[in-house]
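Structural overview
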Amino acid sequence: METSQKHGSESMSQDLSELLKEATKEVHEQAENTPFMKNFQKGQVSLHEFKLVTASLYFIYSALEEEIERNKDNPVYAPVYFPAELHRKAALEEDLKYFYGRNWREEIPCPEATQKYVERLHYVGRNHPELLVAHAYTRYLGDLSGGQVLKKIAQKALQLPSTGEGLAFFTFDGVSNATKFKQLYRSRMNALEMDLATKKRVLEEAKKAFLLNIQVFEALQELVSKSQENGHLVQSKADLRARSVNKSYEHGPAPGKESERTSRSQTDLVGTSPLVRWILALGFIVTTVAVGLFAM
């Protein structure tokens, strides 16, 4: 018994970043074994799912960054406070405005599972801020690493502008050298003072973050299924919007932005089977996080 406790204590003496990598290894392997990696690289992704993912990420990052701001001077988080380099809320707002238009706030859905994730982030930030680092590390370094692998693929598959519209989430203007920044972040995180019990709780919170992500996308799958069931209604609305735009500019060419948005609406309705597209959307977020943790 004493030998087992000693071994556990020694393993917990590792750097927190290494412990997080080991603790989430199983989820990483699950992500690797999904059809997503191969299919996504073939460009088999639907803009509709991509937009739903982006909307849920907006709610998640809004909550995460609200709690980070609440705890930016707290010693349990302050060393890894990098708002200019990492925060994603403003970038997601930019993407959502591009995809949905000026009234995007009234259009984006927030499923129950996404709200559950949001509530967990607020609970942690207000009651157990020492666990906030688990969510920040899992999300931000995942986006910084894995997200970059997927950015170019998404741009090509979804036929997004080469100028970067719709992909601000993946763009980290405040990070000039991703490798050096990740080294800095890990060293700051590893220097956080925490006892053995707290380390264990941080690792469990990181696992919970993965689980919450999966639950979010299971809920989004239901939205996608309902959308498929009502596909003829969606198609009719899209046709009406397209005709409305064409009529408005029948005496001249439509402005570029409106033309692009009409094209995106039509692209929303085209793709592979609902099941395959959903696997891709779910894999997108899981793999972004997983690749980030293991590509450092």
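Look above for the structure.
Below you will find a few notes about this structure. (Residues numbered from 1 in each chain as written. Predicted model: local features only at pLDDT ≥ 70, side-chain atom pairs only at ≥ 80, totals over all residues. Heavy atoms only, no water.)

Let's talk about the nonpolar core
Put simply, the rule is: To define a nonpolar core, start from buried Ala, Val, Leu, Ile, Met, Phe, Trp, Tyr and Cys residues and group those joined through side-chain atoms within 4.5 Å. The rule is simple: take the accessible area with a 1.4 Å probe, protein chains only, and divide by the maximum for that residue type; under 20% is buried, over 50% is exposed, in between is partly exposed. Starting at the N terminus, helices and strands are each numbered in turn, a helix being any DSSP run of H or I of at least four residues and a strand any DSSP run of E of at least two. Working rule for contacts: check all heavy atoms of both residues, and any pair within 4.5 Å makes them a contact.
The biggest cluster of nonpolar side chains holds 62 residues, and the ones touching the most others in it are L20, F50, Y140, Y185, M189 and V202. Elements with a minimum of two residues in this core: helix 2 (16-23), helix 5 (47-70), helix 7 (89-100), helix 9 (112-127), helix 10 (132-157), helix 11 (178-190) and helix 12 (196-229). Looking at which element gives the most residues to this core, the answer is helix 5, with twelve residues. Apart from the residues within four sequence positions on either side, Y185 is in contact with Y77, V80, F82, L86, A136, Y137 and L141.

Focus: the side chain of S17
Considering the arrangement of structural elements, one finds S17 in helix 2. Residues within four places of S17 in sequence aside, it is in contact with Y137, R186, M189 and N190.

Topic: the pattern of salt bridges
Close approach of charged atoms allows side chains with opposite charge to pair. Our working rule: Salt bridge, as used here: a side-chain nitrogen of Lys or Arg that lies within 4 Å of a carboxyl oxygen of Asp or Glu.
Inspection of the entire model under this criterion finds ten salt bridges. Of the charged contacts, one joins E66 and R126 as a salt bridge, the two residues approaching to 4.0 Å between their closest N and O atoms. Taken together, the residues E66 in helix 5 and R126 in helix 9 connect sequence positions 60 residues apart. Take R126: its relative accessible area is 52%, and that puts it in the exposed class. One salt bridge connects E67 with R70, and the closest N-O pair in it is separated by 2.6 Å. On the criterion of helical spacing, the pair formed by E67 and R70 is a turn pair, its members being three residues apart in helix 5. Its relative accessible area of 43% is what places R70 among the partly exposed residues. Look at the salt bridges and you will find they share partners, linking E66, E67, R70 and R126 into a network.

Section: the packing of aromatic side chains
To describe a pair of aromatic rings, you give the distance between the ring centres and the angle between the ring planes. Worth spelling out the cut-off: Each Phe, Tyr or Trp ring, with Trp reduced to its six-membered ring, pairs with another whose centre is within 6.5 Å; inter-plane angles below 30 degrees give stacked pairs, above 60 give edge-to-face pairs, and intermediate values give tilted ones.
Scanning the model with the defined rule gives eleven aromatic pairs in all. On the basis of an interplanar angle of 65 degrees and a centroid distance of 5.7 Å, the ring pair of Y61 and F169 is categorised as edge-to-face. On the criterion of sequence distance, the pair formed by Y61 in helix 5 and F169 in the loop between helix 10 and helix 11 is long-range, its members being 108 residues apart. Its relative accessible area of 4% is what places F169 among the buried residues. Clustering of aromatic rings is evident, with ring pairs tying together Y61, Y140, F169 and F170.

Some thoughts on unusual backbone geometry
Even without a glycine there, the phi angle at Q159 is positive, about 55 degrees. Following the sequence through the fold, Q159 ends up in the loop between helix 10 and helix 11. The class for Q159 is exposed, based on a relative accessible area of 66%.

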